[in-house]
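Coordinate analysis (summary)
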Amino acid sequence: PPDVEALGRATWSFLHATAAYYPARPTTHQRANMLNLIHALPVLYPCTHCAADFDDKIKEHPPDVSSRERLSKWFCERHNEVNEKLGKEMFDCAKVDERWKDGPPD
Ligand code: FAD
């Protein structure tokens, strides 16, 4: 079975970074591909119980792929739902760019 923790860290890094660099005004093509990427996770993510839970969450909270800012917030909120389930600290979604795009202010 996959190492669920390492897989999770790697996947969140990919998803948050991809959202951080997603366009402010995405084309129809970019939006469609982002939706495909998100909807592929419940089908393909190799932690099957994680994938099943994520499927429920995206049904409750349909992805907002309309802008970089909204998509980054959407992923942050979904990640926080997993954090809460696992008893981990909540992440302040005002800090997603600092963490995944800009780095700490100097
Ligand atoms: P992670 O939670 O992997 O976070 C990595 C880094 O992201 C943190 O150090 C922090 O800097 C940053 N971060 C934290 N929260 C946020 C946020 N809300 N927004 C932006 N950045 C943030 N594991 C399970 O045991 N059960 C599950 O059901 C489960 N479901 C998952 C579903 C998905 C879609 C994914 C991608 C992962 C899932 N995982 C699940 C894995 C789990 O979320 C963690 O990745 C894993 O437990 C390792 O946690 P970690 O403490 O190293 O940090």
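As shown above, the structure is provided for reference.
If you're wondering where the values come from, they're calculated on a predicted model, not measured in any experiment. (Residues numbered from 1 in each chain as written. Predicted model: local features only at pLDDT ≥ 70, side-chain atom pairs only at ≥ 80, totals over all residues. Heavy atoms only, no water.)

Enumeration over the complete set of coordinates arrives at one cavity of 30 Å³ or more. If you add up the space inside the largest cavity, you get close to 40 Å³. Lining the largest cavity are His16, Ala19, Ala20, Ser72, Val96, Asp97 and Trp100. For the lining of the largest cavity, the elements supplying multiple residues, two or more each, are α1 (4-20) and α5 (96-102). (1 Å grid on protein atoms, 1.4 Å probe; cavity = no way out; pocket = protein on both sides within 12 Å on 5 of 7 lines; lining within 4 Å. Points joined across faces, edges and corners; volume = space filled by probe spheres on them. Helix = DSSP H or I, 4+ residues; strand = E, 2+ residues; numbered from the N terminus.)

The next point concerns the nonpolar core. If you look at the biggest cluster of nonpolar residues, it comprises 16 residues, and the most contacted ones within it are Met34, Ile38, Phe54, Val65, Leu71, Trp74 and Phe75. Of all the secondary-structure elements, those providing two or more residues to this core are α1, α2 (28-44), α3 (48-60) and α4 (68-85). In this structure valine 65 touches Tyr22, Pro26, Arg31, Met34, Leu35, Ile38 and Leu71, once residues within four positions along its chain are discounted. (Core = buried A, V, L, I, M, F, W, Y, C linked by side-chain atoms within 4.5 Å. Buried < 20%, exposed > 50% of the residue type's maximum accessible area, 1.4 Å probe, protein only. Contact = heavy atoms within 4.5 Å.)

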